[in-house]
Structure formats: C-alpha cells, structure tokens
There are 2 protein chains.
Amino acid sequence: MSKTNTVIKLAMASKKAAAELSALKTSKKNALLLDMASCLERGKKRILSANRKDLKRARKSRLSSALTDRLRLDERRIKAMADSLRGIASLKDPVGQVISTRKRPNGLRINKTRVPIGVIFIIYESRPNVTSDCIGLCIKSGNAVILRGGSEAINSNIAIFDTLQKSFKSFGLPTASITLIKRTDRKVVNTLLKQKNIIDLVIPRGGEGLINFVARQSNIPVVKHYKGVCHVYVDKNANLNMAEKICFNAKVQRPGVCNAMETLLVHTDVAARFLPSMIRKLKAAGVEIRGCKKTRLITKGIKAAVETDWYAEYLDLILSVKVVRTLDEAITHIAKYGSMHSDAIVTDNKRNADKFLKRVDSACVYVNASTRFTDGGQFGMGAEMGISTEKLHARGPMGLEELTTYKYCVFGNGQTRQ
Amino acid sequence: MSKTNTVIKLAMASKKAAAELSALKTSKKNALLLDMASCLERGKKRILSANRKDLKRARKSRLSSALTDRLRLDERRIKAMADSLRGIASLKDPVGQVISTRKRPNGLRINKTRVPIGVIFIIYESRPNVTSDCIGLCIKSGNAVILRGGSEAINSNIAIFDTLQKSFKSFGLPTASITLIKRTDRKVVNTLLKQKNIIDLVIPRGGEGLINFVARQSNIPVVKHYKGVCHVYVDKNANLNMAEKICFNAKVQRPGVCNAMETLLVHTDVAARFLPSMIRKLKAAGVEIRGCKKTRLITKGIKAAVETDWYAEYLDLILSVKVVRTLDEAITHIAKYGSMHSDAIVTDNKRNADKFLKRVDSACVYVNASTRFTDGGQFGMGAEMGISTEKLHARGPMGLEELTTYKYCVFGNGQTRQ
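Definitions and cut-offs
- Residues numbered from 1 in each chain as written.
- Chains lettered and ligands numbered in written order.
- Predicted model: local features only at pLDDT ≥ 70, side-chain atom pairs only at ≥ 80, totals over all residues.
- Helix = DSSP H or I, 4+ residues; strand = E, 2+ residues; numbered from the N terminus.
- Rg over C-alpha atoms; globule rule 2.2 N^0.38 Å.
- Buried ≥ 20, exposed ≤ 12 C-beta atoms within 10 Å, placed from the backbone.
- Least-squares fit on C-alpha atoms with pLDDT ≥ 70 in both.
- Contact = placed C-beta atoms within 7 Å.
- Domains from an automatic or database assignment.
- Nonpolar A, V, L, I, M, F, W, Y, C, P; charged D, E, K, R; others polar.
- Pairing = 2+ DSSP bridges.
- Expected span 1.5 Å × (residues − 1).
- Arc of directions from axis to C-beta.
- Axes fitted to C-alpha atoms, helices over the stretch in contact; angles between N-to-C directions.
- Parallel < 35°, antiparallel > 145°, perpendicular 65-115°, else oblique.
- Left-handed = near helix turned anticlockwise from the far one by under 90°.
- Right-handed = clockwise from strand over helix to strand, strands pointing away.

## Some thoughts on the overall build of chain A
Then, in step 1: Along its length, chain A carries 15 helices and 16 strands.
Then, in step 2: Taking 418 residues into account, the globule formula puts the C-alpha radius of gyration at 22 Å, and chain A, at 24 Å, falls close to it.
Then, in step 3: Projected onto its principal axes, the C-alpha coordinates of chain A cover approximately 70 × 70 × 35 Å.
Then, in step 4: Within the span of chain A, comprising 418 residues, buried residues form 53% of the whole.

## A few points about the relation of the copies chain A and chain B
Then, in step 1: When chain A is fitted to chain B, the residual RMSD is 0.1 Å, and the transformation amounts to a turn of 180° plus an axial shift of 0.0 Å. The superposition of one copy onto the other is thereby described by a two-fold rotation axis. Relative to the rotation axis, the C-alpha of His393(A) is the closest in chain A, positioned 1.9 Å from it.
Then, in step 2: When the interface residues of chain A are mapped onto chain B, 100% of them again fall at the interface, so both copies present the same face.

## Some thoughts on the domain arrangement of chain A
Then, in step 1: Each assigned domain of chain A is listed here: domain 1 (3-223 + 398-411) and domain 2 (230-373).
Then, in step 2: Of note, the centres of domain 1 of chain A and domain 2 of chain A, computed from C-alpha atoms alone, are 35 Å apart.

## Considering the interface of chain A and chain B
One widely used convention gives an interface's size as the accessible area the parts lose upon coming together.
Then, in step 1: Counting from both sides, the interface comprises 49 residues of chain A and, opposite them, 49 residues of chain B.
Then, in step 2: Those elements that provide at least two residues to the side of chain A that touches chain B are helix 10 (240-252), helix 15 (350-359), strand 13 (364-369) and strand 16 (404-415) of chain A.
Then, in step 3: Here the residues of the side of chain A that touches chain B sort into 23 nonpolar, 15 polar and 11 charged.
Then, in step 4: As defined by bridge partners, strand 13 of chain A adjoins strand 16 (residues 404-415) of chain B across five bridges and the pair is classed as parallel. Paired with Tyr366(A) across the strands is Val410(B), a residue of strand 16 of chain B.

## Re helix 2 (residues 26-42) of chain B
Residue and element names in this part refer to chain B.
Then, in step 1: Between its first and last C-alpha atoms helix 2 spans 24 Å; for 17 residues at 1.5 Å apiece the expected length is 24 Å, and the two agree.
Then, in step 2: Within helix 2, the full set of buried residues consists of Lys29, Leu32, Leu33, Met36, Ala37, Cys39 and Leu40. An end-on view of helix 2 places all buried positions within 165° of arc, on one side of the element. Residues Ser27, Lys28 and Arg42 are exposed on helix 2 and point more than 90 degrees away from its buried face.
Then, in step 3: Here the buried face of helix 2 lies against helix 5 (75-90), helix 6 (129-140) and helix 7 (154-170).

## Some thoughts on the packing of helix 10 (residues 240-252) of chain B against helix 11 (residues 268-284) of chain B
All names here are of chain B.
Then, in step 1: Taken N-terminus to C-terminus, the directions of helix 10 and helix 11 make an angle of 40°; their axes are 10 Å apart at the nearest point. Classed by the angle they form, the pair helix 10 and helix 11 counts as oblique. Pair helix 10 / helix 11 crosses with right-handed handedness. Together, Leu240, Ala243, Glu244, Cys247, Phe248 and Lys251 of helix 10 and Val270, Arg273, Phe274, Ser277, Met278, Lys281 and Leu282 of helix 11 make up the contact between the two elements.
Then, in step 2: Of the residues assigned to the contact of helix 10 with helix 11, the class counts are eight nonpolar, one polar and four charged.

## A word on unusual backbone geometry
Then, in step 1: Positive phi values are uncommon outside glycine, yet Met340(A) reaches one of about 60°.
Then, in step 2: Among the structural elements, Met340(A) can be located in the loop between helix 14 (327-337) and strand 12 (342-346).

## Points about the sheet that holds strand 4 (residues 144-148) of chain B
Residues and elements named next belong to chain B.
Then, in step 1: Strand order in the open sheet made by the four strands is 5-4-3-6, with parallel pairing throughout. Looking at the sheet topology across the chains shown, the edges are occupied by strand 5 (178-180) and strand 6 (201-204). Ignoring which end each strand starts from, the neighbouring axes of this sheet average 15° apart.
Then, in step 2: Sheet contacts for helix 1 (residues 3-22): strand 3 (119-123), strand 4 and strand 5; angle to strand 4, the most-contacted strand, approximately 140°.
Then, in step 3: Sheet contacts for helix 6: strand 3, strand 4 and strand 5; angle to strand 4, the most-contacted strand, approximately 165°.

## Looking at the packing of helix 2 (residues 26-42) of chain A against helix 6 (residues 129-140) of chain A
All names here are of chain A.
Then, in step 1: Between helix 2 and helix 6, the least distance of the axes is 10 Å, while the angle of their chain directions is 165°. Regarding the angle of helix 2 to helix 6, the classification is roughly antiparallel. The handedness of the crossing between helix 2 and helix 6 comes out as right-handed. Across the interface between the two elements, Lys29, Leu32, Leu33, Met36 and Leu40 from helix 2 touch Ser132, Gly136, Ile139 and Lys140 from helix 6.

## A look at the sheet that holds strand 4 (residues 144-148) of chain A
All names here are of chain A.
Then, in step 1: Strands sit in the order 5-4-3-6 across an open sheet of four strands; the sheet is parallel. Pairing within the sheet leaves two strands with one partner each, and these edge strands are strand 5 (178-180) and strand 6 (201-204). Direction aside, the axes of adjacent strands within the sheet are offset by 15° on average.
Then, in step 2: For strand 3 (residues 119-123) and strand 6, the ladder comprises four bridges, and the chain directions are parallel. Bridging from a neighbouring strand, Ile122 pairs with Ile203 of strand 6.
Then, in step 3: Those strands touched by helix 6 are strand 3, strand 4 and strand 5, and its axis lies near 165° from that of strand 4.

## Re the pairing of strand 12 (residues 342-346) of chain B
Residues and elements named next belong to chain B.
Then, in step 1: Counting buried positions over the five residues of strand 12 gives five, a clear majority of the element.
Then, in step 2: Residues Ser342, Ala344 and Val346 point to one face of strand 12 and Asp343 and Ile345 to the other, with burial holding for every one of them.
Then, in step 3: Bridge count for strand 7 (residues 230-234) against strand 12 is four bridges, and the pairing is parallel. Each bridged residue has a counterpart across the sheet, and for His231 the counterpart in strand 12 is Asp343.
Then, in step 4: Across four bridges, strand 12 lies against strand 13 (residues 364-369) in parallel orientation. When the bridges of strand 13 are listed, Ile345 appears paired with Val367.
Then, in step 5: Handedness of the β-α-β unit built from strand 12, helix 15 (residues 350-359) and strand 13 comes out right-handed.

Structural data, given as structure tokens:
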C-alpha cells in the first residue's frame, strides 16, 4: 500500500474513533483524564530521558536558549502537565449542553445542542506540554485528535503520547482516539491537509511560515493561531503608577510569547511625566527601546523606530514606543499595525475605556490589566488548544467550548409544513 | 485607475462603514429596518417593473419553471419581504450581549461579548428576496454587507437595493454599509475573494459549481451553503399514519428546495405495511420512485435505484427508497450518502430517537417532524442568510447570532501576571 493510503487509513480510523468519543459519558471521560494524569507522573523517568535526547540534539543544532527553555521538561513541568489534565477533568463537560431552546407556535421544540467537532488536526512547535494539553482538551470535548509536533521535540512527544495511549487502552477506547504523527517531514501533513471529508478542523500553532503553508495547502477549515502584536495604551487619564507596573509586566515578564506587549502607546499629555521613568526601568531590565520622534525628544539616547517596527512581533526584549495625540489615534494605530490578538488601555476614564473596548477589534481587549493574561489557564479554561487570531468560530484562547460545534435537535409530534 | 483598484476601494469603504455600524444603537437599527420595510412597499411599482424585465429575459433564455417561479415577485411577495424586515427589527439585538462572564481569583472580570463579524460578502442565486433579507440581517447584527446576486435577477436586485439604500441615506449612514455588485461577470468576485484583510466572511449560496469555485478562489473564511440530501427514516416503532404525512410533506410540499427529502429509509419490519400506500400517494402526486431491491419486491413497477441515486439531491419530484434492517443501518446510510443538512426519524421509541439524534451528524436532526422546517423563518430567526452545511462557526439556518463573533473584554484594577 502506498504511503498516502496509509495516512488516509489512519485518518479514517480517527473519524471512526470520533463517533465513539462523541457518545462517551462524562464520568468515563473524567476517569480517563485522571488516569492519564497518573500515567504521566508514573512515566516521568521515560519522558525525562526522551526529553534529554531532544535537548542534546537542540544543543548540537544550536537551538536558541529561548526555544531550548520551552523544550526542557523537569519533574515540576511534568507535574504541571498532570495537574492540567486534572484541571480539565474538573471542568464542565460541554457536550450535550443545550445552548438555547425555542418552542415554536406549531409546537416544535428546537434545542441548539453542543456536539463535538469530530476530528481535529493540530500542528505545533516546540513545547511538549502542548501534546498532553491538547489530548486532554480534545478528549473532554469528545473529539478525536491527530497531533503533529515539531521535530525538535519528537522524542519527548512520543514518550508523552505513548504514556497517555496506555490509558486509552486500559479504558477500552479505540487507540485511534489520539494519533501522533511520528514522521517529521511535511509529506504526511500535506496528505492530511487534503482530507476535508475526514478531518473537520486544522489548528496550526507556530511561526508565520508554518501557518501560511497550512492555510495554502489545506482544503479543511483552518483556525489560525497567528502572531501577537500587542499594544498597551496609556491614556491621559491613566493612573501612571499602575500603568508603569502593567507595561513592565506586559513587556518583561516573558517577552518570548504572543501575548507580550510589542508597542507602547502613550497619550501626549502624560508622555513627559510617564516615559522617562518607564523607559529607565525597561532599559534596566535589558529592554531595547525604539521610539517615535516625540519619544526621542522626551528621552534621550533612544533608537528611532522605523515603519517596520510598528508591525513587528519582536518576541524579545525590544519595545517600540509612540506618543499619540488622542485616544482615536491610538485606536487607529492598533487597527493598522496590530494583529487583533490582545490590546490594553490603562485609564481611569470610563468613557475612554468603553470606547477602547468597543473600537479595538481584537480577540482580547483589556482595561487596566496586563495583556499577559491572554491564556487558557489564566482565563479559567484549564488549558488551551492555542489562541485564535481568527474572527470566525473561535477567538482568543480556545478551550473546551471552542472545540465544539452544535446541532439543532428538533422535537415534534407529526408537524408538517404548510 | 484599474478595475481591480476600484473593487478594492469599494471593499475598503465597506470596512470603514462596518466600524460605524458596529457601534450603532439598537433603536436606530430598528428604526432603519422599519423605514426600509416601508420603502419597499412604497417602491413596489418600480421593483415589480424591474422584475418583469428579469422574467422576460428568463422566458427568452428558457429558464426552468421552478427557477422562474423563484424569480417572480408580486405584491404579496414584496409585502412578505417588508414583513421579514419588520420581523428582524422585533428580534433581540445580539451585539453587545455578554455570552458568559468569569471572575478570576485575581479579581479580573472576563466578559465574552458578542460583536459583529465586520464585512460579509454573500454570493447567491435567483430569489430576489434574499437581497432584502440579507441586508436586514447584516444591518441588525452590525455588519456591512457586499451582495452579489445572480445575473437572472439583476434588475430586481438593483431595484430592491436602490430602494433600501434610500433609507441608509435618510438615516445619515454611510452608503457603503450595503453594496450591490452590479456587474455579473466573475472578475469582480475573483478580486473580492482575495481581500482577506478587508472582508471577514464569504457566504456562497447556490449550486455545487458556484460553491466549489468560491471555496477554491477565496483566501477569506467561507461558510458554505451546500446541498441538502435529506433523509426521513421510518422506524419499526413509528406511528405509520404520522410517518406517511411527514414523508409526503417532506417530499411533495416544495421539492425544489434544500430541506426537501431525497431518500426515504424504512425499517424492514414495517416496510410491507408502510410502503405500498405511501408509494401510491407519492406517485399520485407525481413523484417518481427509485427503489432498492426490497422496495421493488414489496411494490411492483418501480425503477431500480443505482448507487448515484443515494448521493443525489434531486430538487425535483423524484425519491429514492431503501429498506433497512436496523436503525444502525439507517444511521450508517445517512453518514455515507447524506450531506449533513437535515434528517428525520419517525418513531415512538424514545431510545431510538435519542440514538438517532446523537449519532446522525447533521445540522438539523428531527424526531417526528418534517425536514422542511429547516429554515430561518420557521426556526424563529426572522429570516436567514442561508443554511450552513459547515461544522465550524455556524451550522444550519444562519440568523443574527450566527452573523456575530465575540471578543473578550477584560476588566482589571492593575493586575499583572506573576
């Protein structure tokens, strides 16, 4: 049999498993998740040994220290993965939930009812905990999942996957409920991306190149998890002390992630009071500042920001800073250069906050809080399949609900249409 | 300026209008909808005269009588269009609705809030009432809309559009809120389908060729409104009298639409009692029957169904009939040959009904009612943008809620992430 046929057979098996998973009782799913958590903890030696292989290869291939850090597992991180599965077990099962119900004049009762999506194909990079998080979320929401992790984490992913697969076997569930693509070339991915009659949703998480590749190749609906060019806007009515803490956190606490601030916008009325101290503190934390003309007038010794800076997702200790004359200018800047991910306003003015919330067309819009909270765990979703930058189907952190769709269940007693 | 540039400018104007529409007050939107309804009724002479031009061309080009009927307007149909707009005005505004709210341990309040999608591009065929229905739904849900109707209805569509545009002008709203593509070649469509940074959603409604064309060309998310291969399954525990009425209605009342029954499945235990009388009545109504082997043994003089019949959306007075041995066989048949649109079971057995509801993976699943109810109006949505056969974002009739997405509005008092 050709390789293509093998891949299609594998996807067909996922589809068959999905039908079984969709009808699984909540209690069984939760017991499975708890068992998976224990298996992870009991299997930590094997997982850590596999992870060491990946780390060794990472050193050889001179992977950046940021990526190596994301790749690294230790006992604490394995415990966190297990706890995440336990957290998912404790969440409400979305499947079967009646979203709304209507009784029609002719007596028909129409229930809009949550159901699993079916087969979900996720393509991701580096962090091995994504493997167990995604398996946990997909199973709880009644979906079969096909995973394709990055080559740099292949040994860790295989070890985690094999460990979790044991739970499925001991619960008598089809092994095709979860599938890990162990080949790391793109041929298998290419074939899977064409199976629109078998796979229901593709989620690419990773760099721009990966996402564009998937969007181009796929004939299956794609929910993109794209970049985060996040802004904090310090309003003229801001509590500047609070603004400083929020901006520092949004930039410095973990600069390599998508919800970190990349551009700081400051109202001109408070710029001279706010920027010197803010920039001093950021510089002290190792942040390189690239400023607009006004910023550079206010604070000396700053590199000039160029047009490409405003579009940049640095994922690093670099920050572009722009002074704006009005709230509207801030909103217009975000609309032009942002990526509709996470943007914040710091203000004590309720009208300005409302306007920002309404007019900024991003997945997550914050008033007086750091953009760093855009995260499934922080949002109380247990974990996340990623953070959607699409407007359709799901926006922002994707948790259990976002892994479901709905059907209309219509109950009659012989109604016919006139 | 090139034609392509003109088209992109037009789409940019829609995007700008969308921002304004998203912030429109409910009361203003409702007043606008009521004014549009009056304008339609006052403008009926012009609309009917334009429609006569289309009908004349239809005769010349020998359009089928079914399509000509869909194209035809009269006073009653214009009244129905106006009433549909009034119905939309009476529905709850989905924009701004808080879908769910979470308070996190750190004090953050996270509101999942409904917002408009932005710019919606709908491509449709024949029925001119779609023009006013879609404009009404998009405006109420705060979206700008670009419409591209079929060439056969171009005069009617222009007349309806121009009439409604007057309301937008008199309410001081941007004329780019609604845009009708008056050129009926595919060049403009091709250009628009590539504007993923301007247009947020494409909805094609029409034949298979149109939908495949749009899906292939578009780099914008597409919600397909595809065919309906709908089934009614008569269970062994069915009330056969009720089953006969439901099947007759599902096939005969309006055979040319997507929610009409195309295949009848009958449990073998009741086939001999049910089929002879059912088939006699269908034949008397002009229905051509194509049966499986067993059906042809039970009722003489019936054409044999071939494999392609089970996949067929006849949209005509033709019905394929199959006798099945079990409920599972019916479910498997629907999974293989159906289009996940609308399927019904007739049964008095609650367990069989539940199993059918759970296992049949269609947008609308019925117990003891005709599939013909799959319709925005019948579902109480006022009207519909169409009936989605996708699983992502929206399934079944698309009304106001399905024309929205959401954003997370997060309220803090200085929270930073640890």
